[in-house]
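# Overview (structure and organization)
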Amino acid sequence: MKTLTLTRATILYSHHHDDRHFGFSSHYRCFLSIHPISPPPPLIASKRQRVGLSFITRAADSTQPSSAAASATNSANKTLVTDDEITLAKISFGVIGLGLGISLLSYGFGAYFNILPGSEWSAIMLTYGFPLAIIGMAFKYAELKPVPCLTYSDAQALREKCATPILKQVRSDVTRFRYGDEQHLDEALKRIFQYGLGGGIPRRSAPILQMIREEVTEDGKYCLVLVFEAKALQLSDFVKRQEKFTSFFGPGITAEIGKGENNDLYEVRLISNTNLNESSS
């Protein structure tokens, strides 16, 4: 293998010149020197970056399809059921009375002053319109609106076979218009919390029913959840009356007390002791 060596040359030139005419001489010298060129400094090797790829292998879980199917089944059973049934109990008598009474009064006055046709019927319209409007206002004043009810599809399937008659009656009473009552389940709460009695609570601190919920427990039992709002009470006030809830809404149920989503909400879970297998047999 041949090695090529780089050199650097320096040339010096020498020249002598005599000028006899003018009487002076000049002398120039040039030298040539050859010497090797020092090699350039080695280039700094650039750093190389290595990219490592790691592959992690994992065994396939054979239980994934079954768990996915189970979760899909549970989510399907947890779908909410919309209550589209129209019954007379869900219609406000106050709205009906006010609507009819005001309509008859308005048309009766218009017909009486010949603004609207039918002047011969104006007296009858005014005669019946006035009391209907008064009755409608009275119903509207004494009206207690129904509470919202959330029903899951699995609970709806168990209601007819597993819910006790008292639980069915409670659901029916609180989901319709009531008249003359201060609040839903007023008589039940009065006996359980003993308003104004020793060991009881003041009536102004009484819990107020906000909504109900129908669901199925983990062991497959029908459960009616009563959600109360009680700003002046604590969870302990409900827990120490757990047996009273069980005895009042029994027989055939077990009451459980829990905390709601907000600080002022408390849940009373009325769980039916009837299983689907026992009711079918």
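All figures in this text were calculated on a predicted structure; none of them were measured in a lab.

## With respect to the side chain of E143
By the element assignment, E143 lies in strand β5 (residues 143–144). By relative accessible area, E143 is classed as buried at 15%. Filtering out sequence-adjacent residues up to four positions away, E143 remains in contact with S92, G94, F177, R178 and Y179.

## Structural notes on the packing of aromatic side chains
Two descriptors summarise a pair of aromatic rings, namely the distance from one centre to the other and the angle between the planes of the rings. Scanning the model with the defined rule gives 10 aromatic pairs in all. Considering the side-chain rings of F238 and Y266, the 4.9 Å spacing of their centres and the 20° angle between planes classify their relative orientation as stacked. With F238 in helix α7 (residues 235–239) and Y266 in strand β11 (residues 265–272), this pair connects stretches of sequence that are 28 residues apart. Both residues of the pair, F238 and Y266, belong to the buried class. Three or more aromatic residues joined by ring pairs form one cluster here, namely F193, F228, F238, F245, F248, F249 and Y266. A cation over an aromatic ring shows up here: K259 above the ring of Y266, its NZ or CZ 4.6 Å from the ring centre.

## Looking at the pairing of β11
The element β11 is largely enclosed, with a buried count of eight among its eight residues. Going residue by residue along β11, you find L265, E267, R269 and I271 tucked away on one face and Y266, V268, L270 and S272 tucked away on the opposite face as well. Of the strand pairs in this sheet, strand β9 (residues 222–229) and β11 are connected by seven bridges, and their pairing is antiparallel. Paired with V225 across the strands is R269, a residue of β11. Pairing of strand β10 (residues 253–259) with β11 involves seven bridges; the strand directions are antiparallel. Across the sheet, residue K259 finds its bridge partner in β11, namely Y266.

What counts and how
- Residues numbered from 1 in each chain as written.
- Predicted model: local features only at pLDDT ≥ 70, side-chain atom pairs only at ≥ 80, totals over all residues.
- Heavy atoms only, no water.
- Helix = DSSP H or I, 4+ residues; strand = E, 2+ residues; numbered from the N terminus.
- Buried < 20%, exposed > 50% of the residue type's maximum accessible area, 1.4 Å probe, protein only.
- Contact = heavy atoms within 4.5 Å.
- Phe/Tyr/Trp six-rings, centres within 6.5 Å; stacked < 30°, edge-to-face > 60°.
- Lys NZ or Arg CZ within 6 Å of the ring centre and 35° of its normal.
- Pairing = 2+ DSSP bridges.

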